[in-house]
Amino acid sequence: QKVSVEVLDHLEQLALVDFRDSEGVERLQKAIQFADQLHEVNTEGVEPMDSVLEDRWCLYLREDDVTEGNCTKELLENAREKVEEYFVAPPGNIPLPKLEERETFLQGS
C-alpha cells in the first residue's frame, strides 16, 4: 500500500518527522501494515471505553507540596536561546521540503 504525497506532507507537519528518504517511507509503510492488523480483531459485543480507569469514580491525586522554588535563573541557564524569562523553541526540529520535492522523491521509490 503506497502512501500519497499529501499524507506524507500532513504527517510530517504533525509529527515533525522527515520522510524524504526511502528508509523513512518504508518505515512508515511497515507501521501502517502493522496497525492494519487491528482491523482483524473481532470487537463485536465489546463496549468502547472512555478510559482504562472506568471503574473508578475519581482519580486519586497526590498532594502537590512545593519543596523548592525560585530557580528560574538556574533553569534558564540550560536554554540555548531565551527571550525575557521564556525558552525559545523552534517551530519544528527539521526543515520540511516543499511538496514538489517530495513528489519527485516518491516517483523514484
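Our subject is the structure listed above.
Computed from a predicted structure; not experimentally measured.

(A) Structural context of unusual backbone geometry. You will see that Asn70, though not glycine, has its phi angle at about 50°, which is positive. Among the secondary structure elements, Asn70 is positioned in the loop between α2 (22-36) and α3 (72-76).

(B) Seen up close, helix α1 (residues 5-15). Every buried residue of α1 is listed here: Val5, Leu8 and Glu12. One side of α1 carries all its buried residues, which in axial view fall inside an arc of 60°. What points out from α1, more than 90 degrees from its buried face, is the exposed set Glu6 and Leu14.

(C) Spatial organisation of the pattern of salt bridges. Enumeration according to the criterion identifies two salt bridges in this entry. Glu26 serves as the salt-bridge partner of Lys30, at 3.4 Å between the closest nitrogen and oxygen. Of the two residues, Lys30 and Glu26 are both situated in helix α2; the distance of four residues between them amounts to about one turn of the helix. Taking relative accessible area as the criterion, Glu26 reaches 43% and is therefore assigned partly exposed. Between Asp64 and Arg62 there is a salt bridge, with the nearest N and O atoms lying 3.7 Å from each other. Overall, the relative accessible area of 67% leaves Arg62 in the exposed class.

Rules used throughout
Residues numbered from 1 in each chain as written. Predicted model: local features only at pLDDT ≥ 70, side-chain atom pairs only at ≥ 80, totals over all residues. Heavy atoms only, no water. Helix = DSSP H or I, 4+ residues; strand = E, 2+ residues; numbered from the N terminus. Buried < 20%, exposed > 50% of the residue type's maximum accessible area, 1.4 Å probe, protein only. Arc of directions from axis to C-beta. Salt bridge = Lys/Arg side-chain N within 4 Å of Asp/Glu carboxyl O.

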